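# Structural characterization, general
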Amino acid sequence: SMASPALLMRVVASAYSVAEKAATIVRNVMSAGDLGIVEKAGPNDLQTKADRLVQMSICASLAHKFPKVTIIGEEELPTDDVTEDLIEDGHCEEILKKPCPAQYTGIKEEELVIWVDPLDGTKEYTEGLLDHVTILIGIAYGGKAIAGVINQPYYNYEAGANAVLGRTIWGVLGMGAFGFQLTEAPAGKHIVVTTRSHSSALVNECISALNPDAVIRVGGAGNKIIQLIEGKASAYVFASPGCKKWDTCAPEAILHAVGGKITDIHGNPFQYNKEVKHMNSAGVLATLRNYDYYASRIPNTVKESLVP
């Protein structure tokens, strides 16, 4: 008989279904019309009913199946009993059929850390910029992002009434990433994607130094990585301390699985072990290709302002 799938593949297969359930919750909250918006640290730091329900659904569903895995979510939520309708027990069969990369076959539950952003791009969600919104489930081992799921609940939402809404992108290091068409940005063009709602003098100074042909300002870290892997942008640059581990873990795994690179502004890799601080305080630099070109052009004044 066939050996049962490795733990990592079971976690990814479950995270895929859990993310699809989360997308349904996000769409239901939006169509019901009451977003239940709460300000956390200020007007650019919002939480909605969707953030709360989705995080409860993702964390409870994964904890139910993988009780020894550490799960860290963005929202501070009471750990009350989660209602049965929020639990997703399914998994993606297609993922279970794929062989686990050899270096990850022996992983035990207690060695995994899952970083969850239930709704990346909350501000955009509240403003109706629905294609900016993603659900992020990142899986880390040995402090490194090794697998990730990015769901876009509103992918295709401008394609008309009969369009199928939403898609799920997933990837594992050593295996690749799936659910989208990998495309490189136009050769010789420097198109920078950056923050939409968290701009600052430093952010803008850094972008100017890159002398870009174009700058795209969109919400959500997940969304920005999608711009890179689908060839709409050549670099994601954020010279600011606002980004967190749950913003970058899933996107990092997917970007690295297709040969891209993401670091802080100094070129340091991100650490994802459970003891690590949550803030990516030295910003973000990510590319699918030509990382060194952009890294070499980050001004020292910017680097000195952003302490890891």
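Preceding this section is the structure that the text describes.
Structural notes, computed from the coordinates. (Residues numbered from 1 in each chain as written. Predicted model: local features only at pLDDT ≥ 70, side-chain atom pairs only at ≥ 80, totals over all residues. Heavy atoms only, no water.)

Quick look at the overall build of the chain now. Helix and strand content of the chain: 9 helices and 13 strands. Radius of gyration (C-alpha) of the chain: 18 Å, near the 19 Å computed for a compact globule of 308 residues. The dimensions of the chain, computed from C-alpha atoms along their principal axes, are 55 × 45 × 40 Å. A burial count over the chain gives 54% of its 308 residues as buried. Sequence separation of at least 24 residues holds for 72% of the intrachain contacts in the chain that already meet a minimum separation of 6. Split by element, the accessible area of the chain, about 13000 Å² in all, is 50% carbon and sulfur. Of note, the chain has its 27 positive side-chain charges centred 5 Å away from the centre of its 35 negative side-chain charges. (Helix = DSSP H or I, 4+ residues; strand = E, 2+ residues; numbered from the N terminus. Rg over C-alpha atoms; globule rule 2.2 N^0.38 Å. Buried < 20%, exposed > 50% of the residue type's maximum accessible area, 1.4 Å probe, protein only. Contact = heavy atoms within 4.5 Å. Areas by Shrake-Rupley, 256 points an atom, 1.4 Å probe, with all protein chains shown as cover. Lys, Arg positive; Asp, Glu negative; His and termini not counted. Charge placed at Lys NZ, Arg CZ, Asp CG, Glu CD.)

For the rest of this paragraph, the subject is the packing of aromatic side chains. In total, this model carries 6 aromatic pairs according to the counting rule given. Look at Trp115 and Tyr272: their rings are 6.4 Å apart centre to centre, the planes differ by 70°, and that puts the pair in the edge-to-face class. Separated by 157 residues along the polypeptide, Trp115 in strand E4 (residues 112-120) and Tyr272 in the loop between strand E12 (261-263) and strand E13 (284-287) bring together distant segments of the chain. Look at Tyr293 and Tyr294: their rings are 5.0 Å apart centre to centre, the planes differ by 80°, and that puts the pair in the edge-to-face class. Residue Tyr293 is classed as partly exposed on the basis of its relative accessible area, which comes to 27%. Among the aromatic side chains, those forming a connected cluster through ring pairs are Trp115, Trp246 and Tyr272. When the ring centre of Tyr291 is taken as reference, the NZ or CZ atom of Lys261 above it lies at 4.4 Å. The ring of Tyr293 has Arg297 lying over it, and the distance from NZ or CZ to the ring centre is 3.7 Å. (Phe/Tyr/Trp six-rings, centres within 6.5 Å; stacked < 30°, edge-to-face > 60°. Lys NZ or Arg CZ within 6 Å of the ring centre and 35° of its normal.)

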